[in-house]
Amino acid sequence: PVGDRFTDPAIRALSWRGRLVTLGFAAGEIPKIPINLLLLKEASIVGAALREANMNDPFGSLRERDELVELHSKGLIHPLVSKIIRMQDAPEAFELIQKRRAHGKIVLITEAYEKKYGSTLSRL
């Protein structure tokens with residue numbers, strides 16, 4: 001969820017000792033967190049802010065990214081990607097998101113990326 005009115009239902013959907021990871025809030029009101037729900041479920045909320053992590057712990061941030069890349073390259077994690085789109089076609093990505101047609105990440109790639117790693121457009 002992206003915050004606002006989705007936060008409360010997300011917290012209520014947590015299982016025993018579940019964890020809600022927040023990556024920022026896209027729009028709307030900053031949610032009021034019902035702390036009693038966290039207590040009853042022994043649940044937690046963790047804030048994740050990439051920019052702040054890079055500023056405050058650049059080496060730790062780089063290590064975490066390297067670990068993720070390694071897990072992905074070994075086939076141990078499989079991010080859900082709806083579509084890979086060239087940067088010059090970015091309006092298409094926004095349209096997919098606005099019309100709620102994205103069922104995973106929309107990945108934008110640059111020309112430089114394609115030159116270095118090859119085309120990934122056909123991998124889905």
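1. Structural notes on the overall build of the protein
Part 1 of the reasoning: Per the secondary structure count, the protein includes six helices and four strands.
Part 2 of the reasoning: A compact globule built from 124 residues would reach a C-alpha radius of gyration of about 14 Å, whereas the protein, at 18 Å, exceeds it by more than 25%.
Part 3 of the reasoning: Going through the 124 residues of the protein one by one, you find that 20% of them count as buried.
Part 4 of the reasoning: Sequence-distant contacts in the protein: of pairs separated by 6 or more residues, those separated by 24 or more amount to 50%.
Part 5 of the reasoning: As displayed, the protein offers around 9900 Å² of accessible surface, 58% of which is attributable to carbon and sulfur atoms.
Part 6 of the reasoning: Side-chain charges of the protein comprise 19 positive and 15 negative groups, with the mean position of each set lying 4 Å from the other.

2. Describing unusual backbone geometry
Part 1 of the reasoning: Although it is not a glycine, E42 sits at a positive phi angle of roughly 50°.
Part 2 of the reasoning: By secondary structure assignment, the location of E42 is in the loop between helix 2 (35-41) and strand 2 (44-47).
Part 3 of the reasoning: Under the relative-accessibility criterion, E42 is labelled partly exposed at 43%.
Part 4 of the reasoning: Residues other than glycine seldom take positive phi values, yet R100 does so here, at roughly 55°.
Part 5 of the reasoning: Mapped onto the secondary structure, R100 falls in the loop between helix 5 (90-98) and strand 4 (105-109).

3. Looking at a nonpolar patch on the surface
Part 1 of the reasoning: Taken together, the side chains of I33, I35, L39 and I45 present a nonpolar region at the surface, about 350 Å² in accessible area.
Part 2 of the reasoning: Here I35 lies in helix 2.

4. Observations regarding the environment of L39
Part 1 of the reasoning: As for its position among the elements, L39 is in helix 2.
Part 2 of the reasoning: Taking the C-alpha atoms as reference points, L39 and R17, separated by 22 residues in sequence, lie 9.4 Å from one another.

5. Considerations on helix 5
Spacing of three or four residues puts side chains on the same side of an α-helix, whose turn is 3.6 residues.
Part 1 of the reasoning: Of all the positions in helix 5, only A90, A93 and L96 are classed as buried. Taken down its axis, helix 5 places every buried residue within 115° of arc, on the same side. The exposed set on the far side of helix 5, more than 90 degrees from its buried face, consists of P91, F94 and Q98.
Part 2 of the reasoning: Looking one or two residues past helix 5, R100 carries a phi angle of roughly 55°, positive in sign.

Rules and cut-offs
- Residues numbered from 1 in each chain as written.
- Predicted model: local features only at pLDDT ≥ 70, side-chain atom pairs only at ≥ 80, totals over all residues.
- Heavy atoms only, no water.
- Helix = DSSP H or I, 4+ residues; strand = E, 2+ residues; numbered from the N terminus.
- Rg over C-alpha atoms; globule rule 2.2 N^0.38 Å.
- Buried < 20%, exposed > 50% of the residue type's maximum accessible area, 1.4 Å probe, protein only.
- Contact = heavy atoms within 4.5 Å.
- Areas by Shrake-Rupley, 256 points an atom, 1.4 Å probe, with all protein chains shown as cover.
- Lys, Arg positive; Asp, Glu negative; His and termini not counted.
- Charge placed at Lys NZ, Arg CZ, Asp CG, Glu CD.
- Patch = residues over 30% accessible without salt bridge, like charges linked within 9 Å, V, L, I, M, F, W, Y side chains within 5 Å.
- Salt bridge = Lys/Arg side-chain N within 4 Å of Asp/Glu carboxyl O.
- Arc of directions from axis to C-beta.

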